[in-house]
Amino acid sequence: ARALDTNPTTMHRLLTTLEAFGYVEQDAATALYRLGRKIMRIASTYSEQNPLPIVARRVFQEFSDRFDHTFYLGVLSNYEVVYVAVYDGRSAVKISMQPGGRIALYSTAMGKVMLAYQEDAFIERFLETVPLKKTTPRTIAFAEDLWKEVKEIRRRGYAANYGEHFEEIGAVAVPLRDAAGTVIAGLSLAFPAMLLSSGAIDIEKLRVLADETAKEIQWRLAGQRT
């Protein structure tokens, strides 16, 4: 209620209504609220109507013999990226992010690739609305630098992140398009940044793999492959 500047009585009434319909549950021991069972039904319906996460995870699993680290698929939600599919590879180093998690557009490879394929007017509104805050020394913190990055991504067709959100994590991201060529999601391959400095990761090879993975998802969504 404080966060929304709402009367506590009104907020309690809303929660009671949500509880009655099964969307939230109240813990008898702590009196705290959590999501209810009805949310699972909604999530199941979403999965049935939107095959993207299911197809992406299946493709990630099939491509995992070519990349030991983490595959991500995310979509744009307002001014953030929401992860809809995640697949952890065989590496002992895990990058903790679950489907449903949100992350910044300007400090991640996937976020930057999603941002780059929006119209300039969207990017302008984004910059007017979202402050660019440094989370690591490498994070982009100025609008002019982000515009340079956007133009470079549009030119080369992919985005890279070298410790801009988490210092120890690098990533390469490419756009995922539908059959009409519209960008509907971003796909990224994330890895421990130390592998880049040691030469164990080749960015160009990783970009090729990301493109192949995105193309495979696109083909399956279009029904060209099963």
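Residues numbered from 1 in each chain as written. Predicted model: local features only at pLDDT ≥ 70, side-chain atom pairs only at ≥ 80, totals over all residues. Heavy atoms only, no water.

Visitor: Mind showing me how you'd approach the environment of A185 here?
Guide: Mapped onto the elements of the fold, A185 is located in strand β8 (residues 183–192). Each C-alpha atom of the pair A185 and F21 lies 33 Å from the other, and the pair is 164 residues apart in sequence. When sequence neighbours within four positions are dropped, the list of residues in contact with A185 reads L52, L73, G74, V75, M114, V174, P175 and L176. (Helix = DSSP H or I, 4+ residues; strand = E, 2+ residues; numbered from the N terminus. Contact = heavy atoms within 4.5 Å.)

Visitor: Would you mind showing me how to read the packing of helix α4 (residues 109–116) against helix α6 (residues 143–156) here?
Guide: Describing two packed helices takes the angle between their axes plus the distance from one axis to the other. Close contact between α4 and α6 brings their axes to 9 Å; oriented N to C, the two are set at 80°. What the angle tells us is that α4 and α6 run roughly perpendicular. Of α6, the residues touching α4 (which contributes K112, V113, L115 and A116) are L146, E149, V150, I153 and R154. When grouped by side-chain class, the residues that make up the contact of α4 with α6 number 6 nonpolar, no polar and 3 charged. (Axes fitted to C-alpha atoms, helices over the stretch in contact; angles between N-to-C directions. Parallel < 35°, antiparallel > 145°, perpendicular 65-115°, else oblique. Nonpolar A, V, L, I, M, F, W, Y, C, P; charged D, E, K, R; others polar.)

Visitor: Honestly, the pairing of strand β3 (residues 70–77) in this entry has me stumped. Any pointers?
Guide: The side chains of a regular strand alternate, first on one face of the sheet and then on the other. Counting buried residues in β3 gives 7 out of 8 residues, a clear majority hidden from the surface. Bridge count for β3 against β8 is 5 bridges, and the pairing is antiparallel. By the bridge assignment, Y72 is partnered in β8 with S188. Summarising the sheet, β3 and strand β4 (residues 80–87) pair through 7 bridges and their orientation is antiparallel. (Buried < 20%, exposed > 50% of the residue type's maximum accessible area, 1.4 Å probe, protein only. Pairing = 2+ DSSP bridges.)

Any functional reading would require information that these geometric values do not contain.
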